[in-house]
2 protein chains.
Amino acid sequence: MVGVDTDEHRVALIRQGRMPFHYPEIEDWLASCVKRGSLTASVSAAESIQSSDVVVLTVGTPPGGQYQLEYSQLHAALKEIVSADLHNKALVVRSTAAPGTLRDIVLPMLIDSTGLRPEIDFALAACPERILEGQAHRELYELPEIIGGIGPISNMIATELFKKISPEKRIFTTTPTGAELAKLFTNIHRYVNFALANEFAIWAEAYNENAREIIGVANEGYPRSRIPQPGFAGGPCLAKDGFLLDNGTTFSSIVSVAWKLNEGIPQHVVAVLLRELGTLYGKRVAVLGLAFKADSDDVRLSPSQKLIEILRAYGATTLVHDPNVTGTLPLHDVLNEPDAVILATRHSAFRSLAEEIDRSGCRVVYDVWGMFANAKFSTAKYVEFGSRR
Amino acid sequence: MVGVDTDEHRVALIRQGRMPFHYPEIEDWLASCVKRGSLTASVSAAESIQSSDVVVLTVGTPPGGQYQLEYSQLHAALKEIVSADLHNKALVVRSTAAPGTLRDIVLPMLIDSTGLRPEIDFALAACPERILEGQAHRELYELPEIIGGIGPISNMIATELFKKISPEKRIFTTTPTGAELAKLFTNIHRYVNFALANEFAIWAEAYNENAREIIGVANEGYPRSRIPQPGFAGGPCLAKDGFLLDNGTTFSSIVSVAWKLNEGIPQHVVAVLLRELGTLYGKRVAVLGLAFKADSDDVRLSPSQKLIEILRAYGATTLVHDPNVTGTLPLHDVLNEPDAVILATRHSAFRSLAEEIDRSGCRVVYDVWGMFANAKFSTAKYVEFGSRR
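Criteria and thresholds
Residues take numbers from 1 onward in each chain, read along the sequence in its written order. As they are written, the chains are lettered A onward and the ligands numbered 1 onward, keeping that order. Totals for whole chains, interfaces and linings use all residues, but because this is a predicted model, local features are given only for residues with pLDDT of at least 70 and pairs of side-chain atoms are given and counted only at 80 or more. For side-chain calculations, the full set of non-hydrogen atoms in the structure is used, while hydrogens and water are omitted. Least-squares superposition of the copies uses the C-alpha atoms of those residues scoring a pLDDT of at least 70 in each of them. Contacts are residue-level and defined by heavy atoms, with any inter-residue pair within 4.5 Å sufficient. The term salt bridge refers to a pairing of a side-chain nitrogen on Lys or Arg with a carboxyl oxygen on Asp or Glu at a separation within 4 Å. Two rings from Phe, Tyr or Trp (for Trp, the six-membered ring) form a pair when their centres sit within 6.5 Å of each other. Planes less than 30 degrees apart are called stacked, planes more than 60 degrees apart edge-to-face, and all others tilted. Each helix is a run of DSSP H or I of at least 4 residues and each strand a run of E of at least 2, with the numbering of both proceeding from the N terminus. Classification of residues uses two cut-offs on accessible area relative to the type maximum, computed with a 1.4 Å probe and protein chains only: under 20% is buried, over 50% is exposed, and between them is partly exposed. Like charges are joined within 9 Å and nonpolar side chains (Val, Leu, Ile, Met, Phe, Trp, Tyr) within 5 Å, but only among residues with over 30% relative accessible area and no salt bridge; these make up the patches. Only the protein chains shown count as covering a residue, and every accessible area follows the Shrake-Rupley method with a 1.4 Å probe. A simple way to read buried area is as the amount of 1.4 Å-probe accessible surface that goes missing from two parts once joined, with both sides added. For this analysis, a polar contact is any N or O atom pair within 3.5 Å, provided that within protein one partner can donate a hydrogen and the other can accept it, and provided that sequence-adjacent residues contribute only side-chain to side-chain pairs. All residues other than Ala, Val, Leu, Ile, Met, Phe, Trp, Tyr, Cys, Pro, Asp, Glu, Lys and Arg, Gly among them, are scored as polar; the first ten of these are nonpolar and the last four charged. Relevant arc is that of directions from the helix axis to the C-beta atoms, nothing else. Helix axes are fitted to C-alpha atoms over the stretch in contact, other axes to C-alpha atoms as well, and angles between N-to-C directions run from 0 to 180 degrees. Each angle receives one of four descriptions, namely roughly parallel if under 35 degrees, roughly antiparallel if over 145, roughly perpendicular if within 65 to 115, and oblique otherwise. What makes a crossing left-handed is the near helix being turned counterclockwise from the far one by less than a right angle; a clockwise turn instead makes it right-handed. By the convention used here, strands pair only if DSSP detects at least 2 bridges between them. With strands facing away from the observer, any crossover in which the path from the first strand over the helix to the second runs clockwise is taken as right-handed.

Enquirer: I'd like a description of the relation of the copies chain A and chain B, backed by residues and values.
Expert: For the pair chain A and chain B, the best superposition has an RMSD of 0.0 Å and corresponds to a rotation of 180° with a translation of 0.0 Å parallel to the axis. Both chain copies can therefore be described as sitting about a two-fold axis. If distances are taken from each C-alpha of chain A to the rotation axis, the shortest is found for A:Ile254, at 3.1 Å. Here 100% of the interface residues in chain A have copies in chain B that are interface residues too; the copies meet face to matching face.

Printed below as a string of structure tokens:
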């Protein structure tokens, strides 16, 4: 098996058996795979494709600057595949894509540039990834796969491929567009429920009540209630998938409102800091956490990053610490006389920091995740997202 | 125990041990309670209150004509309680109410009109009902209660009351407004998820795919996916609770969009019928189901009723059959040469009707719930909500 990437540094790390990102659970496993030769890495797509029977496409599909489809990575990869020869190969598209991408973009491009016959000369299937970041080592074995092949032969080959991960793995087959929609429905369902939790937090603040407590008792022992707790919702998957879904029409409703609401939470945090501090101009604001996800180092489309940019626009000096993200400041430096401290990412390492934050002498502690709800702050005012003033 | 209602017919039925609405599961239980004297009914509130230690208020809080708070039933009940003397009694408000109702409406009214001291002369608690219609006989024992008393004594008395139903019943105490919010969060969470499923159905139609199939595979074996299936969402609880929540501010977002979307589905059905039949003017449309809920007879704020009104506005003749709702037509009459048949309520009795509908010779069968997805229609075109054209 060969992993292909355009990033030479990343490829070099993998070849040395070292993880190119924060994922301690699979470090040993990677090293042993590379050592026994079952996995290698390459920057040469053409060569790697030529030597393979199955090509799994996992390129990113980030939104463009105006949230339009931005498929340059996809097109670049398809060109590599076409020039390396697709004959007698199977292509599995693992990326999250707009509905119709396989049917209306990938398939016509492949037929037109190769002259090959689908299902006869090559196989093609959409099978979007659904694992949780940081849980691949468990969920790749446990989660069912949804396969949308362009025909029965493609479905059969893709099924065989995923059964190699585990023979017990459940496989569902549907249409290519059905598989693409299933992935988007899954992510958007989660994202909208996070947005709703954030809406509840805003209501709780308006009524001077505590959203976390209320959601807790509403869920407890009640079979029809699975309301998530409020907090930042963003990242490279959830925040953009609504735009992939509504790519096909001009109509949009709950999905776009959910996006607007989740994207508004960083501004909401700034509004509360303004209320507490009067102005942010020249103030020192410590931000704990830059990754979008607890215990991850992934900063793509992170609400924390957006928060920092807004704080800077208001003239604040931001001091950012994230134990997983290189290039951020040490904890000691960001707690050096800040006016405010914001707990922005739910990293487990932050759970024990309440006392240290208290000693920093800051005036406000803003807690997006309610991690310090039971801590005592001697000088600082503690403000929890979705709670009483 | 005495049940009080302003409806003399309803009270007369209860006194005879007969259910005043469709609820076969508790008919025998009601009859035996009345027979052994543990339950009676009365139209005299004053008398009933005077002879009781605890008063449980279950009046309706339907929205007003402009979706404003409409608390005439609540005010009428409070007047009865005040005039009957509240001294040494406990009042438990079981109705779903806007956040702040107990604190800002009920409590000041009681203090002002009685001169009594809360927590000393009377107890008061919000404890909103959360059972599913038709499941009270099971859920009253199983579901936890959320009690928001105006103080510790009120919490204690309300707790004791609900422990009488079952000593194992779990009780959570919070603030009065917290209890009101918990109920609204629960219902709105469900309602928004129904709206999202309906949005997915609209998308699936746009991409010419089947929402029910896609949601099925998205949920199957996937721990983070609990997407409901699409269909009508309405009724006296879910459809109005968003308006109770946003009563306190002018801000609104996901909740109001979800309402708009769910309320738009009947019009969507009419649009599809127009596409299939050209015009609805003078057409005969059979509507199966008037209740908002499967196997219930409750027609309050039913989307089916809204659908019928829209059909009539377009000049169609509507033929309505609901086995649980008196005053509707027999099945045989509504299937007498209709142009279209709409399956509007998911009553279990409808499951076996496909053949009979087919024999009616109608041109279109519109299935809001996908109940006939596996049936064959020889002449009629079958259209399922959220599916292919």
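That shown, we press on.
Enquirer: How would you summarise the pattern of salt bridges if you had to cite specific residues and measurements?
Expert: Residues and elements named next belong to chain A. Enumeration over the complete set of coordinates arrives at 36 salt bridges over all chains. Among the ionic pairs, Arg10 bridges to Asp7, the shortest N-O distance being 4.0 Å. Taking the shortest distance from any N to any O, the salt bridge between Glu276 and Arg275 comes out at 3.0 Å. Members of the salt-bridge network, linked through shared partners, are Arg94, Glu129, Glu145 and Lys169.

Enquirer: With reference to specific residues and values, describe the packing of aromatic side chains.
Expert: This model, assessed by the stated rule, comprises 8 aromatic pairs over all chains. Measuring from centroid to centroid gives 3.9 Å for A:Phe185 and B:Phe200, while their planes differ by 5°, and the two rings are stacked. With A:Phe185 in helix H8 (residues 176-206) and B:Phe200 in helix H8 (residues 176-206), this residue pair bridges two chains. For A:Phe185, a relative accessible area of 0% translates into the label buried. The rings of A:Phe372, A:Phe377 and A:Tyr382 are connected pair by pair, giving a single aromatic cluster.

Enquirer: Explain a nonpolar patch on the surface to me, using residue names and the numbers behind them.
Expert: All names here are of chain B. A contiguous nonpolar patch, built from Val54, Val56, Ile153, Met156 and Ile157 and spanning about 380 Å² of accessible area, is present on the exposed surface. Sorting the residues of the nonpolar patch by element identifies strand S3 (54-57) and helix H7 (152-163) as the ones contributing at least two each. Here the nonpolar patch takes 3 residues from H7, the largest share from any one element. Relative to the helices and strands, Val56 resides in strand S3.

Enquirer: Please provide a residue-by-residue account of unusual backbone geometry, values included.
Expert: Residue and element names in this part refer to chain B. A positive phi angle, close to 85°, is found at Asp85, a residue other than glycine. If you trace the backbone, Asp85 turns up in the loop between helix H4 (72-84) and strand S4 (89-93). The phi dihedral of Leu301 is positive, around 50°, even though this residue is not glycine. Inspection of the secondary structure assignment puts Leu301 in the loop between strand S8 (284-288) and helix H12 (303-313).

Enquirer: Now, about the interface of chain A and chain B: what can you tell me, with residues and values included?
Expert: Counting from both sides, the interface comprises 59 residues of chain A and, opposite them, 59 residues of chain B. For the pair chain A and chain B, the summed buried surface comes to about 5,400 Å²; carbon and sulfur atoms form 70% of the total. For chain A, the biggest contributors to the area lost against chain B are A:Trp203, A:Tyr207 and A:Arg224; these three give 15% of the whole. Across the chain A-chain B interface, the total number found is 4 salt bridges. Between B:Glu220 and A:Arg170 there is a salt bridge whose closest N-O contact spans 2.7 Å. There are 21 residue pairs in polar contact (both at pLDDT 80 or more) connecting chain A and chain B. Elements that contribute at least two residues to the side of chain A that touches chain B include exactly H8, helix H9 (211-219), helix H10 (238-245) and helix H11 (254-277) of chain A. A total of 18 residues in the side of chain A that touches chain B trace back to one element, the largest contributor, which is H8(A). Residues that form the side of chain A that touches chain B fall into these classes: 34 nonpolar, 13 polar and 12 charged.

Enquirer: Can you explain helix H2 (residues 27-35) of chain B? Please cite residues and give values.
Expert: Residue and element names in this part refer to chain B. Leu30, Cys33 and Val34 are the residues of H2 that are buried. Buried residues of H2, viewed axially, fall in a sector of 95°; they line one side. In H2, the exposed residues that point more than 90 degrees away from the buried face are Asp28 and Lys35. Contact partners of the buried residues in H2: helix H1 (8-15). Two residues or fewer past H2, Gly37 is found with a positive phi of approximately 85°.

Enquirer: I'd love a proper account of the side chain of A:Glu276, names of residues and values included.
Expert: Residues and elements named next belong to chain A. One can find Glu276 in helix H11. Polar contacts involving the side chain of Glu276 include one to the side chain of Arg275, which spans 3.0 Å. Setting aside residues up to four positions removed in sequence, Glu276 forms contacts with Arg363, Val364 and Lys381.

Enquirer: Any chance you could break down the packing of H10(A) against H11(A) for me, citing the residues and the numbers?
Expert: Residue and element names in this part refer to chain A. At a minimum axis separation of 10 Å, H10 and H11 run at an interaxial angle of 155°. Relative to H11, the element H10 is oriented roughly antiparallel. Crossing geometry of H10 relative to H11 is assigned as left-handed. On H11, the residues touching Ala239, Gly242, Phe243 and Leu245 of H10 are Val255, Trp259 and Glu263. Class assignment for the residues of the contact of H10 with H11 results in 5 nonpolar, 1 polar and 1 charged.

Enquirer: So, the sheet that holds strand S12 (residues 381-384) of chain B: which residues are in play, and what are the values?
Expert: Residues and elements named next belong to chain B. As summarised here, the arrangement of the 5 strands in space is S9-S8-S10-S11-S12, forming an open sheet in which the pairing is parallel. Here the strands that pair on one side only, and so sit at the sheet edges, are strand S9 (317-321) and S12. Averaged over neighbouring strand pairs, the angle between their axes works out to 20° when direction is ignored. As paired strands, S8 and strand S10 (residues 340-343) are joined by 4 bridges and run parallel to one another. By the bridge assignment, Val285 is partnered in S10 with Ala340. Contacting S8, S10, strand S11 (364-367) and S12, helix H11 (residues 254-277) crosses the sheet at an angle of about 160° to S11.

Enquirer: Lay out the sheet that holds strand S3 (residues 54-57) of chain A in plain terms, naming residues and giving numbers.
Expert: All names here are of chain A. Ordered in space as S3-S4-S5-S6-S7, the 5 strands form an open sheet in which the pairing is mixed. Two strands bound the open sheet, and with one partner strand each, they are S3 and strand S7 (171-173). The sheet shows a mean angle of 25° between the axes of neighbouring strands, direction not considered. Judged from the 2 bridges that link them, strand S5 (residues 122-126) and strand S6 (residues 145-149) form a sheet pairing that is antiparallel. Within S6, the position partnered with Ala125 by the bridge is Gly149. In the packing of helix H7 (residues 152-163) onto the sheet, the strands contacted are S3, strand S4 (89-93), S5, S6 and S7, and the crossing angle to S6 comes to about 155°. Those strands touched by H8 are S5 and S6, and its axis lies near 150° from that of S6.

Enquirer: Tell me what's going on with the pairing of S6(A), and back it up with residues and numbers.
Expert: All names here are of chain A. Taken across its 5 residues, S6 has 5 buried, putting it largely inside the fold. The two faces of S6 match: Glu145, Ile147 and Gly149 on one face and Ile146 and Gly148 on the other face are all buried. Where S6 and S7 come together, 3 bridges link them in parallel fashion. Opposite Glu145, over in S7, you have Ile171 as the bridge partner. After leaving S6, the chain enters H7 and then returns to the sheet as S7, a path that is right-handed.

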